[in-house]
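Descriptive analysis of the structure
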Amino acid sequence: MYGSGIIKTLAITMYHFVMTYVDDVRHWLGRGEDKTLRATEGLPGEGIFTLQYPQERPSLPERYRNLPFLVIDAETEQLRCTACGVCAQICPTQCIWIERAKEPESGRPRRYPMAYNIDVSLCMSCGFCAEFCPFDAIKMDQDYEVATYSRPGFVSAREMAKPESYHAGIHPRAYAQEENEGDE
Amino acid sequence: MAEKMVDRTDVSAADRIYDMPVEVWEQLQARFPGALHPAEPPARGEGAEPTDSGSHRMTRSVSRSLLMHRPRYEGVLVHARHLLPVLTFLRDELDYTYLSNMTAVDYPESVEQLPPHIDVVYHLFKMSGGGYVPLHVHTAREGAVLPSITSEFPAANFQEREVWDMFGVRFEGHPDLRRLLMWEGFAGFPLRKDWKEAYYEEEHKPYRSRFPNGGNLFYAEARTPCHANVRMTSQELSDSCPPLLEDFGEADRLLYERMLSADRDPDKPLKTEEMVLNMGPHHPSTHGVFRMAVRLDGETVRHLEPVFGYLHRNHEKIGERNTWLQNIPYTDRLDYINGMTCNLAYCVSMEKLLGWEVPERAEYIRIIMSELSRVVNHMLAAGFFSNELGMYFTGSLYALEERELVLDLFEAVSGGRMMFNYMRPGGVASDLPPGWIERARQLVRERLPKKVRQMQTFLLDNEIVRARSIGIGAMTAEEAVAYGVSGPVLRACGVPYDVRRAEPYGIYDRFDFDVVTREHGDVFDRLALRFDEIWESLHILEQAMDAIPDGEIQSHRLSPRMRIPPGESYGRIEAPKGELGFYLVSDGGANPYRYHIRSTSLLNLTPLSTLARGGKIADVVAILGSIDLTMGEVDR
């Protein structure tokens, strides 16, 4: 029958509409799982699915990455960074600027960054710096609410460094693996 | 220790294997004596042994001696005056009908005893599958000129314009040799090696200012350009604003003059006024910034000219400044719907140059990612198509809902929802997290089939959609091949050509799937074919998820400044939108010497003008939607 296709199309739209409420009722009756988990782990229902951001937030996968940070070692309480420069070399946008510290008398390079700046307006969060760092000294952060009213430009990663425990908190699996490799 | 690692080089690859069959060389040689280089033909069987993985590969390969004095560079060097005869001979007698890729490489200094020149490269394929025949033509850098092949190979139309735009090679006989991506009046040819870009700091990354004395911070644009780095005479610079406007006027004049003069019908019985309408650059149907100048007679399209370049960022120049690895995250930004396949195409091309193998598990992961990407792309294409027909956002949101679930999977494995940076030469960046396969399997088995079927009913049975799409924008198989379109657009015309089958890369030869085709090549077939392909992709996904082995995911340890032995390669994959190829030239350094993208979306736009002509203005939108393009990839 001519027009039956249109009716089917409208029925599908109607189905989505009705199922939105069915999903919600299921959720209220406690048969639905946690809503934030539903957003990232399982399959959402058949209807329209909305998270009330910022009151509700999706849980982030461990590998989610946004902007790098330097890690402060738990034992030495110093930056793990040795100013080897691998991150500055691999960085595709060349947004990492490192000044290597020098011995005051001899001028010989020390294994410590005098200055470590990241142009966060340029960083594309590709994660290469964390991937190629031979000392696990730079890791990717998970803070996605970084909007500002002005151009942030250069950020001193040395001053914004975060403790190892923070890294362990957001990357539990990767941290456990690093620890295992370190023990061997 | 770290410094040592940085300085390590990776020049270890064995001799390359070239796919060009000896027979082709011999027939060319017999037909055009003296026209081709080198004068001595390669001995039969002299080439490297065929790889065991390639049952579709040619059994015998031509050794690398073909291009004179250029070890590891592949192909046949043709004199400019024989170019068209050689190409038509290859097409008509040897069945190399598909001109897939055409680009140029600039050599400002003499290399390997050749004087400074621009090397224009053509890659031809057979529709029955197999490797390519690369042809090289040289032209001097000053007053560079070559014969145009657009009259015989319409696929070269945009590509010749691009080479003119970027390298300044004039193609004699081209019907419409305007700049493709830059504007008329732009000074210089950006991809020539002596053209320096704005924000130019150094020829190659990594920049010296960053390490070890990176204390002197500056923004790149603070140092720029209109001072030192952009080639403009002081006259042009001093009054750059008013003349620029005039230049735009010039571009429009060139564009409209051609439009108004083409296919006039002087004997039209009814005297009607024609008008030129500009759709875009900002138009809701154009998927980004894309302009179509349309000459209308009432509602009927008399002529259509696409205008590109609004999203042009000189991606290829950036690519030549980056190191090999640094390019991987940039490829995500080409076709941003399918970052995974863009990553993959680049890595496949690099692996061809390096001669690296990929571990089993990584091959499976790559296939799972590509096919998930294909499902997402085709769903979205169908969804946005409905948007363009006037269904507003309902259809596209249904598609986006499923896409989010796939993006969750991508995010869990790579860390990004659209900008993945996941593939690496020799493998992938990281292994699948625990439980990932189960989640993906649940999605692929339980949810996606249901939703795809729903979407299919939603669109394909709908009488309004059918009325708007059946018989609109039809193309024959011969036309499609001549225009160089690929992917679903080509297969909808009845040409069973799919790189996954025609020249299998990775481990596609192990999977059971069909190359689906449709017959009519109209808008409806292109839409319906995408749904057919989703089913095949889901089928591949099921097989891959069941068979994925444990093991390594990376065959080589990558170093940040890895080098690639000198040579050239054209590596291609079947991306969701069609054939996506990367033409790479290495001079043995840490940066690509040439980095060219055979952009699927750009080539698929070649027939747009022909498809739209004679139709109604509303159909233009439907045709554009059915071609399925991403402007990030068109403009690069």
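Refer to the structure presented above.
Quantities reported herein were computed from a predicted structural model and do not represent experimental measurements.

Looking at unusual backbone geometry
- The linkage connecting A:Tyr53 with the following residue, A:Pro54, adopts the cis geometry, with an omega of 5°.
- Here A:Pro54 lies in the loop between α2 (35-40) and β1 (68-72).
- Of the consecutive residues B:Phe211 and B:Pro212, the connecting peptide bond is found in the cis state with omega at 0°.
- You can see B:Pro212 is positioned in the loop between β7 (170-172) and α5 (234-238).
- Backbone geometry places A:Ala83, a non-glycine residue, at a positive phi of 55°.
- With phi around 55°, B:Asn314 is a residue other than glycine that occupies positive phi space.
- Note on placement: B:Asn314 falls in the loop between β10 (300-307) and α7 (315-321).
- Taking relative accessible area as the criterion, B:Asn314 reaches 7% and is therefore assigned buried.

Observations regarding the pattern of salt bridges
Residues and elements named next belong to chain B.
- Counted under the stated rule, the structure contains 49 salt bridges over all chains.
- Notably, a salt bridge pairs Glu 152 with Arg 91, separated by 2.7 Å at the nearest N-O pair. On the criterion of sequence distance, the pair formed by Glu 152 in the loop between β6 (145-147) and α4 (156-167) and Arg 91 in helix α3 (residues 83-92) is long-range, its members being 61 residues apart.
- Each of Glu 371, Arg 374, Arg 491, Asp 498, Arg 500, Glu 533 and Glu 574 takes part in one network of salt bridges that share partners.

Considerations on the interface of chain A and chain B
- Between chain A and chain B, the residue contacts involve 54 residues of the former and 65 residues of the latter.
- Between chain A and chain B we count two salt bridges in total.
- Taking the shortest distance from any N to any O, the salt bridge between B:Asp461 and A:Lys8 comes out at 3.1 Å.
- The tally of links from chain A across to chain B stands at 26 residue pairs in polar contact (both at pLDDT 80 or more).
- At the level of elements, α1 (4-28), α2, α3 (86-90), β2 (96-102), β3 (109-119) and α4 (128-132) of chain A are the ones that each hand at least two residues to the side of chain A that touches chain B.
- When residues of the side of chain A that touches chain B are assigned to their parent elements, the largest contribution, nine residues, is made by α1(A).
- Along the lines of polarity and charge, the residues of the side of chain A that touches chain B split into 27 nonpolar, 15 polar and twelve charged.

Regarding α1(A)
- Along its 25 residues, α1(A) runs 36 Å from first to last C-alpha, staying within 8% of the 36 Å computed at 1.5 Å per residue.
- Buried within α1(A) we find A:Gly5, A:Thr9, A:Ile12, A:His16, A:Met19, A:Thr20 and A:Asp23.

Examining the packing of helix α10 (residues 360-391) of chain B against helix α20 (residues 617-627) of chain B
Residue and element names in this part refer to chain B.
- Running from amino to carboxyl end, α10 crosses α20 at an angle of 175°, the nearest separation of the two axes being 9 Å. Of the possible angle classes, the one that applies to α10 and α20 is roughly antiparallel. Residue-level contacts link Phe 385, Glu 388 and Leu 389 of α10 to Val 621, Ala 622, Gly 625 and Ser 626 of α20.
- Of the residues assigned to the contact of α10 with α20, the class counts are four nonpolar, two polar and one charged.

Considering the packing of helix α17 (residues 523-547) of chain B against α20(B)
All names here are of chain B.
- For the pair α17 and α20, the least separation of the axes is 9 Å and the interaxial angle reads 30°. When the axes of α17 and α20 are compared, the pair comes out roughly parallel. The two elements α17 and α20 cross, and the hand of that crossing is left-handed. Each of Val 523, Arg 526 and Arg 530 in α17 lies in contact with α20, whose residues at this interface are Ala 622, Ile 623, Ser 626 and Ile 627.
- When grouped by side-chain class, the residues that make up the contact of α17 with α20 number four nonpolar, one polar and two charged.

Re the packing of aromatic side chains
- All chains considered together, the criterion is met by 22 aromatic pairs over all chains.
- Note on B:Trp164 and B:Phe189: the rings are 5.6 Å apart at their centroids and 55° apart in plane angle, and the pair reads as tilted. Of the two residues, B:Trp164 is situated in helix α4 and B:Phe189 in the loop between β7 and α5; the sequence distance between them amounts to 25 residues.
- Residue class for B:Phe189 comes out partly exposed when judged on its relative accessible area of 23%.
- Seen in terms of ring centroids, B:Tyr364 and B:Phe511 are 5.9 Å apart; in terms of plane orientation they differ by 80°. Their pairing is edge-to-face. One end of the pair, B:Tyr364, is in helix α10; the other, B:Phe511, is in the loop between α16 (499-502) and α17, and 147 residues separate them in sequence.
- Classification of B:Tyr364 as buried rests on a relative accessible area of 8%.
- Taken together, the ring pairs in this structure connect A:Trp97, A:Phe154 and B:Phe218 into an aromatic cluster.
- When the ring centre of A:Phe69 is taken as reference, the NZ or CZ atom of A:Lys162 above it lies at 5.6 Å.
- Sitting over the face of the ring of B:Phe153, B:Arg91 holds its NZ or CZ atom 5.0 Å from the ring centroid.

Quick word on the sheet that holds strand β15 (residues 594-598) of chain B
Residues and elements named next belong to chain B.
- Read across the open sheet, the three strands follow the order β13-β14-β15; overall the sheet is antiparallel. Both outer strands of the open sheet, β13 (567-575) and β15, are each paired with one neighbouring strand and no more. Each adjacent strand pair in this sheet contributes to an overall mean axis angle of 15°, direction not counted.
- Sheet analysis places strand β14 (residues 578-586) next to β15, joined by five bridges and oriented antiparallel. Within β15, the position partnered with Phe 582 by the bridge is Ile 597.

Section: the nonpolar core
Residues and elements named next belong to chain B.
- Grouped together as the largest cluster of nonpolar side chains are 184 residues, with contacts concentrated most on Leu 90, Tyr 122, Leu 135, Met 369, Tyr 422 and Trp 436.
- When residues of this core are assigned to their parent elements, the largest contribution, 14 residues, is made by α10.
- Apart from the residues lying within four places of it in its own chain, the contact partners of Met 369 are Met 340, Phe 410, Val 413, Tyr 422, Met 423, Leu 432 and Trp 436.

Some words on a nonpolar patch on the surface
- A contiguous nonpolar patch, built from A:Met14, A:Phe17, A:Val18 and A:Tyr21 and spanning about 420 Å² of accessible area, is present on the exposed surface.
- Topologically, A:Tyr21 is positioned in helix α1.

Points about the state of the cysteines
- Tallying each qualifying case throughout the model produces zero disulfides over all chains.
- The thiol of A:Cys84 is unpaired, and the distance to the nearest cysteine sulfur, on A:Cys133, comes to 6.1 Å.
- Cysteine B:Cys347 is unpaired, with the sulfur of B:Cys342 as its nearest cysteine sulfur at 11 Å.
- Assessed through its relative accessible area of 0%, B:Cys347 is described here as buried.

Regarding the environment of B:Trp183
Residue and element names in this part refer to chain B.
- Relative to the elements of secondary structure, Trp 183 occurs in the loop between β7 and α5.
- For Trp 183, a relative accessible area of 33% corresponds to the partly exposed category.
- Sequence-wise, Trp 183 and Tyr 310 are 127 residues apart; in three dimensions their C-alpha atoms are separated by 9.6 Å.

A look at the sheet that holds strand β6 (residues 162-163) of chain A
- If you trace the three strands from one edge of the open sheet to the other, you get β4-β1-β6 (chain A), paired in mixed fashion. Two strands bound the open sheet, and with one partner strand each, they are β4 (138-140) and β6 of chain A.

Describing the side chain of A:Asn66
Residue and element names in this part refer to chain A.
- Looking at where Asn 66 falls in the secondary structure, it is placed in the loop between α2 and β1.
- Looking at Asn 66, its side chain comes within polar contact range of the side chain of Ser 125, at 3.0 Å.
- Non-local contacts of Asn 66, meaning those with residues more than four positions away in its chain, are made with Ser 125, Met 140, Asp 141, Gln 142, Asp 143, Tyr 144 and Val 146.

Reading the values: the criteria
- Residues numbered from 1 in each chain as written.
- Chains lettered and ligands numbered in written order.
- Predicted model: local features only at pLDDT ≥ 70, side-chain atom pairs only at ≥ 80, totals over all residues.
- Heavy atoms only, no water.
- Helix = DSSP H or I, 4+ residues; strand = E, 2+ residues; numbered from the N terminus.
- Buried < 20%, exposed > 50% of the residue type's maximum accessible area, 1.4 Å probe, protein only.
- Salt bridge = Lys/Arg side-chain N within 4 Å of Asp/Glu carboxyl O.
- Contact = heavy atoms within 4.5 Å.
- Polar contact = N/O pair within 3.5 Å; in protein donor to acceptor, adjacent residues only side chain to side chain.
- Nonpolar A, V, L, I, M, F, W, Y, C, P; charged D, E, K, R; others polar.
- Expected span 1.5 Å × (residues − 1).
- Axes fitted to C-alpha atoms, helices over the stretch in contact; angles between N-to-C directions.
- Parallel < 35°, antiparallel > 145°, perpendicular 65-115°, else oblique.
- Left-handed = near helix turned anticlockwise from the far one by under 90°.
- Phe/Tyr/Trp six-rings, centres within 6.5 Å; stacked < 30°, edge-to-face > 60°.
- Lys NZ or Arg CZ within 6 Å of the ring centre and 35° of its normal.
- Pairing = 2+ DSSP bridges.
- Core = buried A, V, L, I, M, F, W, Y, C linked by side-chain atoms within 4.5 Å.
- Patch = residues over 30% accessible without salt bridge, like charges linked within 9 Å, V, L, I, M, F, W, Y side chains within 5 Å.
- Areas by Shrake-Rupley, 256 points an atom, 1.4 Å probe, with all protein chains shown as cover.
- Disulfide = S-S within 2.5 Å.

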